[in-house]
Amino acid sequence: MSGHSSYTPSNGFSRWLDNRLPIVRLAHDSFVSYPTPRNLNYFWTFGGILSLMLVAQIVTGIVLVMHYTPESTMAFGSVEHIMRDVNYGWLLRYLHANGASMFFVAVYLHMFRGLYYGSYKAPREVLWILGVIIFLLMMATGFMGYVLPWGQMSFWGAKVITSLFSAIPIVGDSVTTWLWGGYSVDNPTLNRFFSLHFLLPFMIAGVVILHVWALHVVGQNNPSGVEVTDVNKDTVAFTPYATTKDGFAMLCFLIFYSWFVFYVPNFLGHADNYIPANALVTPAHIVPEWYYLPFYAILRAVPSKLGGVIAMFSAIALLAFLPWLDTSKVRSATFRPVYRAFFWILVIVCLGLGYLGSQPPTDGTTFVARIFTSYYFMHFLVILPLLGLFETPLKLPTSIADAILAKTGSAAAMGHAAVAEPNTKG
Ligand code: HEM
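Procedures and definitions
- Residues numbered from 1 in each chain as written.
- Predicted model: local features only at pLDDT ≥ 70, side-chain atom pairs only at ≥ 80, totals over all residues.
- Heavy atoms only, no water.
- Salt bridge = Lys/Arg side-chain N within 4 Å of Asp/Glu carboxyl O.
- Helix = DSSP H or I, 4+ residues; strand = E, 2+ residues; numbered from the N terminus.
- Buried < 20%, exposed > 50% of the residue type's maximum accessible area, 1.4 Å probe, protein only.
- Domains from an automatic or database assignment.
- Contact = heavy atoms within 4.5 Å.
- Polar contact = N/O pair within 3.5 Å; in protein donor to acceptor, adjacent residues only side chain to side chain.

## As for the pattern of salt bridges
Here the structure, examined in full by the defined rule, presents seven salt bridges. For glutamate 80, the salt bridge identified is with arginine 84, shortest N-O distance 3.0 Å. Here glutamate 80 and its partner arginine 84 are both found in helix 4 (residues 75-84), four residues apart, which amounts to about one turn of the helix. The shortest N-O distance in the salt bridge between aspartate 326 and lysine 121 comes to 3.1 Å. With aspartate 326 in the loop between helix 14 (322-325) and helix 15 (337-358) and lysine 121 in the loop between helix 5 (89-117) and helix 6 (125-147), this residue pair connects regions lying 205 residues apart in the sequence. The class for aspartate 326 is buried, based on a relative accessible area of 4%. Put simply, Lys121, Asp326, Arg336 and Glu391 are held in one network by salt bridges that share partners.

What follows is the structure, given as structure tokens:
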């Protein structure tokens, strides 16, 4: 899919640069003439939205750091100082805090898009695994960022999650002491979390470059799940088609994001985090941020502490093996009616786990969380491997152009469209 380059330097300077560092050629071949399947729907805009959100988080974060103090007696006060005294400090902080939530909204849609259309299947396994690594790094970054305001939920959230490591046999306690930098969550813990929270987004940016590189080597999947057979009929140039669509989607997403920032900036947070951290007062109900809730429910569903920790990490690690767990040759759920039904059950189970993770544990919620946790693992470890062997998929279109024909139902009209709107790539 990388193909030959269609870039022609237009003047002396660009020719000079192109012979020394063909960076404009790289950008042109990747984001202008790059052949894009012509049937992509709006679920393919979330990769661009995620890139935008990563930049937004880094930019707002860098300015926040100019006013924040990573020291346990001053951190809470410095955040209040940002909110009250720094010019537009409230805006920066709300953009950053809500930005984290928006990042996760986009990443979950991006991942479930991949699950629905089978984008993790060969030849996109490495692209997918790089995505799972990004997801893990995002989880770590969000967790450490939430600790920085040093409110009650920051402190107790850090305490609960870091204490999980003490469940590791033999070395557990030493590992926890090492993570804390002492014998409790305290200033050294805040310092190291601050350092890592600063570093990790740049590591994410590095892995995103590999992710997009892998994408450009194998090419994009598409809603039909069949590969490009004829570049002229099946694809359009990335610019202007995908760029315009991505731009429009980004604008809509920014409106959604702004609504949270300007109208309900604390809706996704927790009121207890406006109380300074106090090691002697435990909040009545410790809950993580919404985007961790399904995993938190899995953690609590398992009776043993070590078992819960293993289940929680396995729930994510499992995703890396998905390309081999799903044995079906067909990618898109559009042509897999049985898989499609199981996909929607999985969506409901994940939402259900999220709800259960937000509730104080009772016998009833724990019982349902156990059923949902079992289902989550069964989906990947039992249902997907077997379904590929027993499911009869619908007839696949012979090409992407054919898939569009089937949708519009007019072969003649489409034949015309393909001629009337040729691929504009060079
Ligand atoms: C910072 C986070 C991420 C960024 C910036 C990012 C960026 C992108 C971009 C720009 C694309 C191409 C456009 C699109 O398909 O939407 C893409 C595709 C893809 N991403 Fe991501 N991604 C991120 C996280 C993830 C995660 C967490 C996963 C999965 C665990 C993932 C899996 C994929 C897959 C499988 C594709 C190919 C989709 C296809 O062609 O059908 N990505 N990503």
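## A short note on the domain arrangement of the protein
We note that the domain assignment places domain 1 (23-224 + 236-277) and domain 2 (293-419) within the protein. Each of domain 1 and domain 2 has a C-alpha centre, and the two are 23 Å apart. Facing the 33 residues of domain 1 at the interface are 33 residues of domain 2. The interface formed by domain 1 and domain 2 holds one salt bridge in total. Applying the counting criterion to the domain 1 and domain 2 interface returns 11 residue pairs in polar contact (both at pLDDT 80 or more).

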